[in-house]
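Survey of secondary and tertiary structure
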Amino acid sequence: MLQFIEKLGEWNPQFTREIKGRLKLFPILVTSAISLVVQAVVFLAQLGQIPGSAYRMTEKYCGIGRSYQQELSDISEILPKLQNSFFLYSSKENFDAIKLEQVKIQLEQATNRRITLEKVLYEQPCPPGQINMTEWWHEHFQYIFQALSVIFIITLLVAGTYLLINNLAQEERRGTLNFIRLSPQSEFSILTGKMLGVPILVYLSVTLAIPFHIFSGQAAGIAFNHILSYYAVLAGSCIFFFSAAFLFSLTTRALGGFQPWLGAGSVLMFLTFLLLSTLYGSYLRNGAAWFIMFSPVDATSYLFPNLFKTYDGIGWSKYKEIQFFYIPISTNLVSFLGIHLVNYGLWTYGIWQGLQRRFRNPNTPVISKQQSYFLVAFVQILLWGFTLQQYAENRGSTAVDNPYYNIDINSQILSNLPIFALFNFVLLFGLIFILSQERQTIQDWARYRHKGRRGWWHNSLLRDLLFGEKSPAILAFALHLLTMSIPFAIWIFLSKQLYTRKNVSIDWLFQDNSRLKFALGIALLAVLWAIGATVAQRMLLLKTSKRYLWACGTTSALLFAPALILSILNNTSDKRSFLWLFSIHPWEALPTTSLPIVFMALFTEVMVLGFLNIRMVKKIISLHRQDACATD
């Protein structure tokens, strides 16, 4: 064992450091006991439902009860016919004494037989030899497998996230994290060692339950390659969530001891929400499909469709129809596994870029401006790729006759606008505070910008504003807005040509100046976000120590307060105020507002943006002069 630990230490010293304090006899015994107890509880919960002497004939697994139920059903169908025959032959027009007597006898026999069957079914227990125990165990092993699958996901992701965040927080409070940062190990080696070592007891508890999990899956008739695919998705999700936990811990030091609870609670809420959406039928033909794939519960429900019976009755064949820019990407198990692992892998790679920047220097932004451009473009590709999916109604030669339900590209994009708005708003709001610089950083940039540089491009102000680490991020933020707006501009330009199927619900888009107004609404919203970014950067130039709080509060009020106030004032569709043009939802006022007023509102926002940027430039110049005077 000592030689094995020495080899581990040579491979990853941090991993050895973590497991030395955790792999002790008592914690191992307690963890093993808990794992075995949980397995026993899951098994006994199913064993407690095993058919006994009181098992009724009407229950699912009673073989003779099924035949009795079928016979009772047949009699229930025959009785109305016999009663009709009785009334027929007893009438004056069709009176027939012989046939009437025969019908009477048949009716009496059927009634007596029904009474006998009801007594047997509802009063007598099922004979033990008639209970199909093979089918009972087969189905209940499915329940055991399902329970263990969900327990694995919640245990690994929630407990593992809590332990990793808590470990980094404790290292930070004790000051030992700074010593780790000074070690010659790479960030990848240190954080990988922690990822493998800190939740080692959680891994042990799950590992002890894997044999029972595989056994129950095989007993339930589940294909072994599906079980292996589940483990692959679970491993990918653990790497993704644990990497995100590291990044969360390094960027939220101000939360103190609340960090691990908030991180683990957020993961639990996310998994619970998607588990409920799984049970009631989740919908993957929208731009948020890539976000839903983060949950391994969603993947589990596809791999084992018989276990997760959805409320809508569609099942999980929907994954076989999912497309990306109309290209089928999940037609079989291999492609299904591939899209999940690629989704986890790409986002995990992005997270590790931030970890490498943040781990050594806690004051460095999580991402650089160059990386933010790739991030914004990547999110847009995902949103548009999963928005543009072909619907089943359009695949055949016959189309739906109802004009309200004809689905074309325009309908798909319009129905996904709330998803675009949600993800882009969150992305933009986060980038405002990630890329905006503080007062001292701006001062240093203004003072040392030209020193040690050669060539026109390296001394260019444009280069600094677009790619500089310490420069203001207003121009970079404008590029983000342009990246988000260009696809919508292209769609608006081509929407008339894309209107190939009659759809009454989107006719408004092609009336009067609707498309122009829609484009102006995007321009109004983009300028408003640019104003918000400028205000946030200006607030961060304050001397107060609460400047981030001021920046967050001021920007939030500027972006969201107008829409909230106008909603409270009850601006209904009959009296839409033009003030909506200055909110994050300008389309509320666009249908009833004339074009000159819309252009005037856009011109006003542009003038405000220009004024704020001029004032901020003057402020930066004054800071530079103050710094130069202090140096002299």
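Residues numbered from 1 in each chain as written. Predicted model: local features only at pLDDT ≥ 70, side-chain atom pairs only at ≥ 80, totals over all residues. Heavy atoms only, no water.

Counting secondary structure elements, the protein contains 24 helices and 2 strands. The 632 residues of the protein split such that 45% are buried. Residue pairs at least 24 apart in sequence account for 77% of intrachain contacts in the protein once pairs closer than 6 positions are excluded. (Helix = DSSP H or I, 4+ residues; strand = E, 2+ residues; numbered from the N terminus. Buried < 20%, exposed > 50% of the residue type's maximum accessible area, 1.4 Å probe, protein only. Contact = heavy atoms within 4.5 Å.)

This part is about the packing of helix 3 (residues 25-47) against helix 6 (residues 133-174). Where helix 3 meets helix 6, the closest approach of the two axes is 10 Å, and the angle between their N-to-C directions is 145°. Relative to helix 6, helix 3 is oriented so that their crossing is right-handed. Contacts from Val38, Val42, Phe43, Gln46 and Leu47 of helix 3 reach helix 6 at Trp136, Trp137, His140, Tyr143, Ile144, Ala147, Leu148 and Ile151. (Axes fitted to C-alpha atoms, helices over the stretch in contact; angles between N-to-C directions. Left-handed = near helix turned anticlockwise from the far one by under 90°.)

Within the element layout of this structure, Ser436 appears in the loop between helix 18 (417-435) and helix 19 (439-448). Within the local environment of Ser436, its side chain forms a polar contact with the backbone oxygen of Ile432, the two atoms lying 2.4 Å apart. With near-sequence residues (within four places) excluded, Ser436 lies in contact with Leu431, Ala473, Gln537, Leu540 and Tyr548. (Polar contact = N/O pair within 3.5 Å; in protein donor to acceptor, adjacent residues only side chain to side chain.)

What follows concerns a nonpolar patch on the surface. Residues Leu479, Leu482, Ile486, Ile490, Phe493 and Leu494 make up a contiguous nonpolar surface patch of about 550 Å² in total accessible area. Note that Leu494 resides in helix 21 (residues 474-498). According to the relative accessible area criterion, Leu494 is partly exposed, its value standing at 35%. (Patch = residues over 30% accessible without salt bridge, like charges linked within 9 Å, V, L, I, M, F, W, Y side chains within 5 Å. Areas by Shrake-Rupley, 256 points an atom, 1.4 Å probe, with all protein chains shown as cover. Salt bridge = Lys/Arg side-chain N within 4 Å of Asp/Glu carboxyl O.)

Right, let's talk about the environment of Phe240 for a bit. Here Phe240 shows up in helix 10 (residues 224-251). With 108 residues separating them along the chain, Phe240 and Thr348 place their C-alpha atoms 5.2 Å apart. Apart from residues no more than four positions distant in its own chain, Phe240 is found in contact with Phe294, Tyr344, Trp347, Thr348 and Ile351.

What follows is about empty space enclosed by the protein. Scanning all chains against the criterion turns up 2 cavities of 30 Å³ or more. The space that makes up the largest cavity amounts to roughly 50 Å³. What lines the largest cavity is Pro365, Ile367, Ser368, Lys369, Ile434, Leu435, Gln437, Phe467, Gly468 and Glu469. Tallied by class, the residues present in the lining of the largest cavity amount to 5 nonpolar, 3 polar and 2 charged. When its volume is computed, the second largest cavity comes out at roughly 40 Å³. Around the second largest cavity, the lining residues are Leu431, Ile432, Leu435, Ser436, Ala473, Ile474, Phe477 and Ala533. The set of elements that each furnish at least two residues to the lining of the second largest cavity consists of helix 18 and helix 21. Broken down by element, the lining of the second largest cavity gets its largest block of residues, 3 residues, from helix 18. (1 Å grid on protein atoms, 1.4 Å probe; cavity = no way out; pocket = protein on both sides within 12 Å on 5 of 7 lines; lining within 4 Å. Points joined across faces, edges and corners; volume = space filled by probe spheres on them. Nonpolar A, V, L, I, M, F, W, Y, C, P; charged D, E, K, R; others polar.)

Grouped together as the largest cluster of nonpolar side chains are 132 residues, with contacts concentrated most on Tyr230, Trp290, Leu355, Phe386, Phe477, Trp491 and Trp529. No other element matches the 15 residues that helix 22 (residues 514-539) contributes to this core. Beyond its immediate stretch of four places on either side in the chain, Trp529 contacts Phe425, Leu428, Phe429, Ile432, Phe477, Leu481 and Leu559. Judged by nonpolar contacts, the second largest core, of 7 residues, contains Ile75, Leu107, Ala110 and Leu117. (Core = buried A, V, L, I, M, F, W, Y, C linked by side-chain atoms within 4.5 Å.)

Glancing now at the confidence of the model for the protein. Chain-level statistics for the protein give a pLDDT mean of 82 and a share of 82% at 70 or above. Every residue in residues 310-315 is under pLDDT 50, and counting partners more than four places away or in other chains gives 10 contacts. Note on residues 393-405: pLDDT is under 50 here. Beyond four places in sequence and across chains, it has 21 contacts. (pLDDT = per-residue confidence, 0-100.)

Positive phi is not limited to glycine here, since Phe325 has a value of about 55°. With respect to the helices and strands, the residue Phe325 is situated in the loop between strand 1 (323-324) and strand 2 (327-328). Residue classification places Phe325 among the partly exposed residues on the basis of a relative accessible area of 35%. Phi is positive for Tyr326, close to 70°, though the residue is something other than glycine. Residue classification places Tyr326 among the partly exposed positions, given a relative accessible area of 29%.

What follows covers the packing of aromatic side chains. Considering all chains together, one arrives at 32 aromatic pairs under this definition. A ring pair is formed by Phe420 and Phe488, whose centres lie 5.2 Å apart and whose planes are at 75°; its orientation type is edge-to-face. Placement of the pair is Phe420 in helix 18 and Phe488 in helix 21, with a sequence separation of 68 residues. Take Phe420 and Phe488: they sit in the same class, and that class is buried. Through a chain of ring-to-ring contacts, three or more aromatic side chains come together here, namely Phe240, Phe241, Phe270, Trp290, Phe291, Phe294, Tyr344, Trp347, Phe378 and Phe423. Over the ring of Phe359 we find Arg181; its NZ or CZ atom is 5.6 Å from the centre of that ring. (Phe/Tyr/Trp six-rings, centres within 6.5 Å; stacked < 30°, edge-to-face > 60°. Lys NZ or Arg CZ within 6 Å of the ring centre and 35° of its normal.)

A few words now on the pattern of salt bridges. Counted under the stated rule, the structure contains 11 salt bridges. Residue Glu18 is joined to Arg22 by a salt bridge in which the shortest nitrogen-to-oxygen separation is 2.8 Å. Measuring nitrogen to oxygen at the nearest pair gives 3.9 Å for the salt bridge that ties Asp464 to Arg463. For Asp464, a relative accessible area of 1% puts it in the buried group. Exposure remark for Arg463: the relative accessible area of 22% places this residue in the partly exposed category. Here the salt bridges share partners, and the residues they tie into one network are Arg17, Glu18, Arg22, Glu171 and Lys194.

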